[in-house]
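Next come the chains, spelled out residue by residue.
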Amino acid sequence: MDVSILIEIFSNRVIQAAALAWAIAQGLKVILTLCISHKFDSSRVFGSGGMPSSHSAMACAMMTMIGFREGFGSSVFALAFCFAGVTMYDAAGVRRSTGKNAEVINHMLDDLATRGFYMDEERLKELVGHTPLQVMAGALLGIFIGTLMA
């Protein structure tokens, strides 16, 4: 790969805004977890789920930057808007349901283990999706970052 292509990619302000929004959201997850539980949870550095939604922040920062650069009436903004909508719907819908299902299954496995029926299975990840508030917080963070960087 030509180095100039990498330079173009990393110089792209839309990508920079999206990456910054993601990084800030992930950092906030670490800080909020530390404030609430009084311990550092390394899984929060790159993990999904929690407050705020980094997926929503990233998608909305990208969408906002594209709106300012290409125009809010452009086809590429419409594409980014729809992408952000699908991302946020998935985070608060499908992925949140997946996390709830994992919680129930883990509880059932724990209950079976206390009754002598141990299964050699890994615990399912429960913190996968987001509440609507977490999605909204991520979206507002992304829009704010995108606006600042525009």
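Residues numbered from 1 in each chain as written. Predicted model: local features only at pLDDT ≥ 70, side-chain atom pairs only at ≥ 80, totals over all residues. Heavy atoms only, no water.

**As for the packing of helix H2 (residues 13-37) against helix H7 (residues 132-149)**
Okay, step 1: It is the contact of H2 with H7, at a shortest axis distance of 9 Å, that shows an interaxial angle of 140°. Considering the angle they form, H2 stands oblique to H7. Both H2 and H7 take part in a crossing whose hand is right-handed. Residues Arg13, Gln16, Ala17, Leu20, Ala21, Ile24, Ala25 and Leu28 of H2 form the contact with H7, whose participating residues are Leu141, Gly142, Ile145 and Met149. (Axes fitted to C-alpha atoms, helices over the stretch in contact; angles between N-to-C directions. Helix = DSSP H or I, 4+ residues; strand = E, 2+ residues; numbered from the N terminus. Parallel < 35°, antiparallel > 145°, perpendicular 65-115°, else oblique. Left-handed = near helix turned anticlockwise from the far one by under 90°. Contact = heavy atoms within 4.5 Å.)

**Comments concerning the packing of aromatic side chains**
Okay, step 1: Within this structure, the stated rule accounts for 3 aromatic pairs.
Okay, step 2: Measuring from ring centre to ring centre gives 5.2 Å for phenylalanine 68 and phenylalanine 72, while their planes differ by 80°; the resulting arrangement is edge-to-face.
Okay, step 3: With a relative accessible area of 43%, phenylalanine 68 lands in the partly exposed category.
Okay, step 4: Seen in terms of ring centroids, phenylalanine 77 and phenylalanine 81 are 6.1 Å apart; in terms of plane orientation they differ by 45°. Their pairing is tilted. Taken together, the positions of phenylalanine 77 and phenylalanine 81, both in helix H5 (residues 75-92) and 4 residues apart, correspond to about one turn of that helix.
Okay, step 5: Take phenylalanine 77: its relative accessible area is 12%, and that puts it in the buried class.
Okay, step 6: Connected via pairs of aromatic rings, a cluster forms that spans Phe68, Phe72, Phe77 and Phe81. (Phe/Tyr/Trp six-rings, centres within 6.5 Å; stacked < 30°, edge-to-face > 60°. Buried < 20%, exposed > 50% of the residue type's maximum accessible area, 1.4 Å probe, protein only.)

**Here's the deal with the packing of helix H4 (residues 54-70) against H7**
Okay, step 1: Running from N to C, H4 and H7 cross one another at 35°; their axes reach a closest spacing of 7 Å. Judged by the sense of rotation from one axis to the other, the crossing of H4 with H7 is right-handed. Residue-level contacts link Ser56, Ala57, Cys60, Ala61, Met63, Thr64, Met65 and Phe68 of H4 to Val135, Gly138, Ala139, Leu141, Gly142, Ile143, Gly146, Thr147 and Met149 of H7.
Okay, step 2: Split into classes, the residues belonging to the contact of H4 with H7 amount to 11 nonpolar, 6 polar and no charged. (Nonpolar A, V, L, I, M, F, W, Y, C, P; charged D, E, K, R; others polar.)

**Quick look at the state of the cysteines**
Okay, step 1: Across all of its chains, the model carries 0 disulfides by this definition.
Okay, step 2: For cysteine 60, which is in no disulfide, the shortest distance to another cysteine sulfur is to cysteine 82 and amounts to 12 Å.
Okay, step 3: By relative accessible area, cysteine 60 is classed as buried at 2%. (Disulfide = S-S within 2.5 Å.)

**Section: a nonpolar patch on the surface**
Okay, step 1: A cluster of nonpolar side chains, namely Leu20, Ile24, Leu28, Ile31, Leu32 and Ile36, defines an oily patch on the protein surface of about 500 Å² accessible area.
Okay, step 2: For leucine 20, the position within the fold is in helix H2. (Patch = residues over 30% accessible without salt bridge, like charges linked within 9 Å, V, L, I, M, F, W, Y side chains within 5 Å. Areas by Shrake-Rupley, 256 points an atom, 1.4 Å probe, with all protein chains shown as cover. Salt bridge = Lys/Arg side-chain N within 4 Å of Asp/Glu carboxyl O.)

**Quick look at the confidence of the model for the chain**
Okay, step 1: Per-chain confidence: the chain averages 86 in pLDDT, with 91% of residues scoring 70 or above.
Okay, step 2: Mean pLDDT across the elements of the chain bottoms out in helix H6 (residues 94-114) (72) and peaks in H4 (97). (pLDDT = per-residue confidence, 0-100.)

**Some points on unusual backbone geometry**
Okay, step 1: In the Ramachandran plot, histidine 38 falls in the positive-phi region, its phi being about 60° despite a non-glycine side chain.
Okay, step 2: Structurally, histidine 38 can be placed in the loop between H2 and helix H3 (43-46).
Okay, step 3: The class of histidine 38 is exposed, set by a relative accessible area of 68%.

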